[in-house]
Amino acid sequence: MQEKLTKLAELLLPNWEFNVQSVEVIQGGQMALVWKFMTDEGPKCLKRIHRPEKKALFSIHAQDYLAKKGMRVPAIIPNKDGSLYTKHGPFLFVVYEWIEGRPFNLTVPEDLQWMMRGLGYYHTESVGYVPPPATPIFSKLGKWPKHYIKRCQQMETWKLIAKRFPDDPFCQLYLAEIDQFIAKGREILEKLRASHYPDWVAACKKKPNLCHQDYGTGNTLLSEDQIWIIDLDTTTFDLPIRDLRKVIIPLMGDTGVWDHQLFELMLAAYEEVAPLTAEQKNVMYIDMLFPYELYETVSERFGRKNDIMPEELMAAFEYEKRKTEQLSELL
């Protein structure tokens, strides 16, 4: 497989003006294909964008916009035709500058602060991005209520699956506890609708910012005392707090406790760059109340068919309860 992927890169790279000296496969999974290749101008990166072409074009032009604006994202190097990408089969391939750096460590407070400030810059600097004509706009603005409804319906459907396994401890625990969390999810939906969310969405549609959607240690690097943000493939227009929730809630879930001091540290670092109003924070707290981590745990079992121990489900239930207690005080 490595040899096959190397040959694919060697087939594609002549589309760019480079004297290629060597090619190394960095990622060769089904989803991500990434090569590092050496040139007389230094190392470069070739990547296959594993997204439908229409969504890929949105993120490619977004990255080009941010790089040219001076944001620390890898600059895209056009091919011989001046295009930002080369199409091969159903996929788009892009060449970037290679960024040397170290990943951040989520257990180090200073690293967390770096990451949160970087996220703030991503949100503020991306305001003004307008996709080129004929490029479909990728946006999740205003779609949160539908996401809540879909997840609540899914958790109801999983009850039907669990009932078919009366001797399975995971299924029985799920049936014993899940109703209160489905009810909580629907309650949070009504809180969202009654909050500043609709007005904020309307304002953001006039002047949208980008959300990364996959922000974390795998997609950030510290290089020469600066943070670099990579892998913008899933970027979309949405409220900035979507990224905050997707960074903070899983981190808290991994620890198994709601660490309010850590939460305040992360939020304060973000607000050094991108302050939030009281109304905006309220929307964030409401969204964070939704049982996302519980949903992901159960989805592993009923959706992805992976073995999940009852103890993991119980931990997810307990985490959601502690999270609700802490966040409810902030509303």
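This structure is a prediction, so every number in the text was calculated from the model and none was measured.

Bringing the layout of surface pockets into the picture now. Each pocket or cavity is described by its volume, and for the largest pocket that value is around 960 Å³. Taken together, 34 residues make up the lining of the largest pocket; nearest its centre are Arg245, Lys246, Pro250, Glu293 and Glu296. Among the secondary structure elements, those contributing two or more residues to the lining of the largest pocket are α4 (144-162), α7 (241-255), α10 (292-303) and α11 (310-330). The element contributing the most residues to the lining of the largest pocket is α7, with nine residues. A breakdown of the residues in the lining of the largest pocket according to their chemical character gives 13 nonpolar, 10 polar and 11 charged.

Moving on to the sheet that holds strand β2 (residues 33-39). Strand-to-strand pairing in sheets goes through backbone hydrogen bonds, with the strands running parallel or antiparallel. Spatial strand order, β1-β2-β3-β5-β4: five strands in an open sheet with antiparallel pairing. In this open sheet, the two strands that pair with only one neighbour each are β1 (20-28) and β4 (86-88). Here the average twist between neighbouring strands, direction ignored, is 25°. Judged from the three bridges that link them, β4 and strand β5 (residues 91-97) form a sheet pairing that is antiparallel. Pairing of lysine 87 across the sheet is with leucine 92, part of β5.

Bringing the packing of aromatic side chains into the picture now. As enumerated under the stated definition, the model contains 18 aromatic pairs in all. Ring-pair connections join several aromatic residues into one group, and the members of that group are Phe58, Tyr65, Tyr129, Phe138 and Phe237. Above the ring of phenylalanine 91, the side-chain terminus of arginine 48 is found at 4.2 Å from the ring centroid. Residue placement shows arginine 151 over the ring face of tyrosine 295; its charged tip is 5.3 Å from the ring centre.

What counts and what doesn't
- Counting of residues starts from 1 at the beginning of each chain's written sequence and follows it residue by residue.
- The model is predicted, so local features are restricted to residues of pLDDT at least 70 and side-chain atom pairs to those at 80 or more, both for listing and for counting; the totals for chains, interfaces and linings are taken over all residues.
- To obtain the side-chain values, all non-hydrogen atoms of the structure were used and water was disregarded.
- Two kinds of site are reported from a 1 Å grid over the protein atoms alone, namely cavities, where a 1.4 Å probe fits but cannot get out, and pockets, open sets with protein on both sides within 12 Å along at least five of seven lines, and residues are called lining when an atom falls within 4 Å of a point.
- Grid points are joined across faces, edges and corners, and a volume is the space filled by probe spheres set on the points.
- A run of H or I in DSSP becomes a helix once it reaches four residues, and a run of E becomes a strand once it reaches two; helices and strands are each numbered from the N terminus.
- Nonpolar residues are Ala, Val, Leu, Ile, Met, Phe, Trp, Tyr, Cys and Pro. Charged residues are Asp, Glu, Lys and Arg, and all others, Gly as well, are polar.
- Paired strands are those between which DSSP finds at least two bridges.
- Here an angle of 0 to 180 degrees is reported between the N-to-C directions of two axes, which are lines fitted to C-alpha atoms, with helices fitted over the stretch in contact.
- Each aromatic pair joins two rings of Phe, Tyr and Trp (for Trp, the six-membered one) with centres within 6.5 Å, and gets the label stacked for planes under 30 degrees apart, edge-to-face for over 60, and tilted for any other angle.
- Two thresholds decide whether a charge sits over a ring: the Lys NZ or Arg CZ must be within 6 Å of the ring centre and within 35 degrees of the ring normal.

Purely geometric numbers; function is a separate question.
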